[in-house]
Amino acid sequence: MPTMAAGGDRLSGLSDDLLRRILHFVPAQEGVFTSVLSRRWRPLWRSCGAVNLEARALKYGHNDRYCKEARGRFFARRDAVVSAAHKALDTAAAAEADGDGPVRKLTFRVEAQTEDEVRDFLHRDVGWRDKHDVFAGVLSHRAAHRLEELRIAAVDSDDGKPMHFETSKYEACPNIHGLGIFPLAVGSLPSKTLRVLEITNCSKLEQTSPPVFFPRLESLRLRHCNMPLNNLQDIIDAAPLLAIIRLDSVLLEDDEKRHGNRRRDSRDNAPPPEQDRLNRSLRCRTTISLVMDRCSFKEEGTLQIYAPMLRRFRYRGVLRHISLSPPPPHLARAELTLTEYGNVRHRDPRVARQSFWGTVRGFSHAKEMKLRVRHLEEIATTNEKRQAKLLPVLPSLERLHLQGVYTAPGNMAAAAIENLLRCCPALRDLQIDLSTSQEDAKRKFQYGQDFLERKHRSEFEESVQRFKRRRLQPTVGAGDDNDGHVNYFDEVSDLPGLSGHSFECLRKCLRRVGLQFQRQTTDCFGTKLVKFFAQDAKVLEELCIDAGNERIHDHLKLKVEKWVAHLSSTKRRRINSSGATKLQVFSLPRSYIWEELV
């Protein structure tokens, strides 16, 4: 063991309770192997209160699925795995009879190379008749009757590799491969004691008649499942203490009996007319945390969520109207990440704006908000009548983090920022990360460290040379004003849609602004934002900048100091006792930047 090689057996010094906690997360087979280490280890695995089962289906060869002998080997392996699972539970049940605690946690993960192999492993026999239900059989064991945590997964990915939906940036779609592999009977679950339930790749989870109740269920997570919305609602209604709901790549089908069997031509990319859009509802009366990650519907429409106790909400997916109605009064943090539409290329800008601001309206009580927007132009509106109708008021919002992709020269991106500032009268901390559509198209899923170092070095050298050339040239329009200060404002032009506007947060409470952008010779949008906040944020104390390399903020810092020095005399900007402005310029910490937009 590595700990012994490093200078002694450190594990022997740990208490039995701590060793049981470690074995709580170990697969059952490895847990059994620990019994041979010493007499002290023999009872530990049996009394750790957890059974973690992992099974890999035997791979079929070419056309072996139709060979009786190959099928016999396949199902013999399956039967051996099931037998080993029952033996592990028998051991845990015997430990409970000897006075140790019952099994509180069960994890069962089945892996196979293909979806057909998973289904065969779980439900078929040599004669191709559906006789087996492996999950239900394991859950029927007496040792599983008092489970508090249950995690079940069947995946068509062997050797622990991530499934496609785990790495995809798009939503689940109705025809995606491997969406919902196995059905699961609600009646087979240990409903009376269950607190945590996590299911991966379930194709059917329906309530029974009479319904099964989950009086202690606190956390529900569904991953890559096919779950009609009415079935999900039935499960939520049966759990009066359900506080955490997480839906990852779940296809929330509509009840065809309720909405009719309507189907649109898949070639029609335009959204349906407003009167034809479905209005769905989801009631989560006791939910504190709700996550919807790349979930989808077969048809366009609005999802109205009633969650009066909600404190944390996170949505990642295409732009649709998610209405938190009424707005949860205790909402502390909201995250909204807008992804690409996949094959849908044509988007109605009017519907997009209404959907975005209609969703943000539900965050009216949030104290912290994070927005990731692929197309800032989609959410911006410059018409005053539309602003009065669309823009909500977020009176409690103190921290806002905006990540956005825009198209140069950025006039509509400036309008989007103006819309957000107008909505946030109490904003204290603002972080804006920007990239152009051209830069975003070139981005890879991950940045290599060598590439970043080369990029930073070349951009820094270029910025230094440009700075030296600028110092040797006279400033266009520079001159002294009546107070003897040099006018440097002609170096960077104002931003249409932002400069000259007055916002309550800029006048009273905005203390910190962080800006991350790529500074280019043809696009000075980021630099214009720096100037705007330096000029118009009257109580700003910290301005953190990252313009694409490690040192550019030093050059911008000189400009900001000159702008602020000029404003200190002409606009009576607040200064400290030594006569210097309280605004300080820093380099943006690396933890804030280079976060990939999904």
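Conventions used here
- Residues numbered from 1 in each chain as written.
- Predicted model: local features only at pLDDT ≥ 70, side-chain atom pairs only at ≥ 80, totals over all residues.
- Heavy atoms only, no water.
- Core = buried A, V, L, I, M, F, W, Y, C linked by side-chain atoms within 4.5 Å.
- Buried < 20%, exposed > 50% of the residue type's maximum accessible area, 1.4 Å probe, protein only.
- Helix = DSSP H or I, 4+ residues; strand = E, 2+ residues; numbered from the N terminus.
- Contact = heavy atoms within 4.5 Å.
- Phe/Tyr/Trp six-rings, centres within 6.5 Å; stacked < 30°, edge-to-face > 60°.
- Pairing = 2+ DSSP bridges.
- Axes fitted to C-alpha atoms, helices over the stretch in contact; angles between N-to-C directions.
- Parallel < 35°, antiparallel > 145°, perpendicular 65-115°, else oblique.
- Left-handed = near helix turned anticlockwise from the far one by under 90°.
- Nonpolar A, V, L, I, M, F, W, Y, C, P; charged D, E, K, R; others polar.
- Salt bridge = Lys/Arg side-chain N within 4 Å of Asp/Glu carboxyl O.
- pLDDT = per-residue confidence, 0-100.
- Polar contact = N/O pair within 3.5 Å; in protein donor to acceptor, adjacent residues only side chain to side chain.

Examining the nonpolar core
- Counting residues in each nonpolar core, the largest one holds 135 residues, and the members touching the most others are Leu232, Phe313, Phe356, Leu421 and Phe533.
- When residues in this core are grouped by element, the largest group, nine residues, is from helix α5 (residues 68-97).
- Beyond its immediate sequence surroundings of up to four residues, Phe313 is in contact with Leu290, Ile305, Ile322, Leu324, Leu331, Arg333, Ala334, Glu335 and Phe363.

As for helix α6 (residues 115-123)
- Burial analysis of α6 places seven of its nine residues in the buried class, the great majority of the element.
- Those residues of α6 not exposed but buried are Glu115, Glu117, Val118, Asp120, Phe121, Leu122 and His123.
- Residues of α6 that are buried make contact with β1 (50-56), α5, β2 (105-111), α7 (134-139), β3 (149-155) and β4 (182-183).

Points about the packing of aromatic side chains
- For the structure on display, the rule yields seven aromatic pairs.
- Ring plane angle 85° and centroid distance 5.1 Å describe the contact between Phe74 and Phe75, whose orientation is recorded as edge-to-face. Like Phe74, the residue Phe75 is buried in the burial classification.
- Summarising the aromatic geometry, the rings of Tyr406 and Phe525 are spaced 4.9 Å apart at their centres and angled 50° between planes, so their arrangement reads as tilted. With Tyr406 in strand β16 (residues 399-406) and Phe525 in helix α18 (residues 525-536), the pair connects residues that are 119 residues apart, well separated along the chain.
- Relative accessible area serves as the criterion here: at 4%, Tyr406 is assigned to the buried category.
- Linked through ring pairs, Phe108, Phe135 and Phe182 together constitute an aromatic cluster.

Here's the deal with the pairing of strand β9 (residues 278-283)
- The side-chain alternation of β9 yields one buried face, formed by Leu278, Arg280 and Leu282, and one unburied face, formed by Asn279, Ser281 and Arg283.
- Bridging between β9 and strand β11 (residues 301-306) involves six bridges; their strand directions are parallel. Within β11, the position partnered with Asn279 by the bridge is Thr302.

A word on the pairing of strand β14 (residues 333-338)
- The element β14 is extensively covered by neighbouring structure, given that five of its six residues are classed as buried.
- Here six bridges tie strand β12 (residues 312-317) to β14, and the two strands are oriented parallel to one another. Paired with Tyr315 across the strands is Leu336, a residue of β14.
- As defined by bridge partners, β14 adjoins strand β15 (residues 368-373) across five bridges and the pair is classed as parallel. The partner of Thr337 across the bridge, within β15, is Arg372.

Looking at the sheet that holds β9
- Taking strand neighbours across the sheet as the criterion, the three strands line up as β9-β11-β13 in an open arrangement whose pairing is parallel. Looking along the sheet, the strands with just one partner apiece sit at the ends: β9 and β13 (322-324). For this sheet the average axis-to-axis angle between neighbouring strands, irrespective of direction, equals 20°.

A look at the packing of α5 against α6
- Taken N-terminus to C-terminus, the directions of α5 and α6 make an angle of 60°; their axes are 9 Å apart at the nearest point. As judged from the angle between their axes, α5 and α6 are oblique. Viewed along their axes, α5 and α6 form a crossing whose handedness is right-handed. Across from Phe74, Phe75, Arg78 and Val81 in α5, the residues of α6 making contact are Glu117, Asp120, Phe121, Leu122 and His123.
- Taken together, the residues of the contact of α5 with α6 sort by class into five nonpolar, one polar and three charged.

Observations concerning unusual backbone geometry
- Cis geometry marks the peptide bond from Ser209 to Pro210, where omega comes out at 0°.
- In this model, Ser325 is joined to Pro326 through a cis peptide bond whose omega is -5°.
- Along the chain, Pro326 turns up in the loop between β13 and β14.
- The residue Asn201 is not glycine, and still its phi comes out positive at about 75°.

Things to note about the pattern of salt bridges
- Taken as a whole and assessed by the stated rule, the structure comprises 26 salt bridges.
- The shortest N-O distance in the salt bridge between Arg142 and Asp90 comes to 3.9 Å. Note that Arg142 is positioned in the loop between α7 and β3 and Asp90 in helix α5, a separation of 52 residues in sequence.
- The exposure class of Arg142 is exposed, given its relative accessible area of 55%.

Notes on the environment of His330
- With respect to the secondary-structure elements, His330 resides in the loop between β13 and β14.
- The exposure class assigned to His330 is partly exposed, which follows from its relative accessible area of 43%.
- A sequence separation of 19 residues divides His330 from Arg311, and the C-alpha atoms of the two residues are 5.5 Å apart.
- Setting aside its immediate chain neighbours within four residues, His330 contacts Pro308, Leu310 and Arg311.

A word on the confidence of the model for the protein chain
- When pLDDT is averaged across the protein chain, the result is 76; 65% of the residues are at 70 or more.
- Predicted confidence for residues 444-451 stays below pLDDT 50, and this span has five contacts to residues more than four positions away or in other chains.
- Every residue in residues 569-581 is under pLDDT 50, and counting partners more than four places away or in other chains gives 27 contacts.

A look at the packing of helix α14 (residues 411-423) against α18
- Axis separation between α14 and α18 bottoms out at 12 Å; the angle between their running directions is 30°. The pairing of α14 with α18 is recorded here as roughly parallel in orientation. Between α14 and α18 lies a crossing whose hand is right-handed. Residues Ala413, Ala414, Ile417 and Leu421 of α14 pack against Phe525, Leu529, Phe532 and Phe533 of α18.
- Partitioning the contact of α14 with α18 into residue classes produces eight nonpolar, no polar and no charged.

Focus on the side chain of Glu115
- As for its position among the elements, Glu115 is in helix α6.
- For Glu115, the side chain forms a polar contact with the side chain of Arg119, separated by 2.5 Å.

Considering the side chain of Glu171
- Take Glu171: it is sitting in the loop between α8 (164-167) and β4.
- At 2.9 Å, the side chain of Glu171 forms a polar contact with the backbone nitrogen of Val318.
- A polar contact of 2.8 Å, which involves the side chain of Glu171, links it to the side chain of Arg320.

Notes on helix α9 (residues 229-237)
- Among all positions in α9, only Leu229, Asn231, Leu232, Gln233, Ile235 and Ile236 are buried.
- Looking at the buried positions of α9, the neighbouring elements they touch are β7 (219-223), β8 (244-248), β9 and β11.

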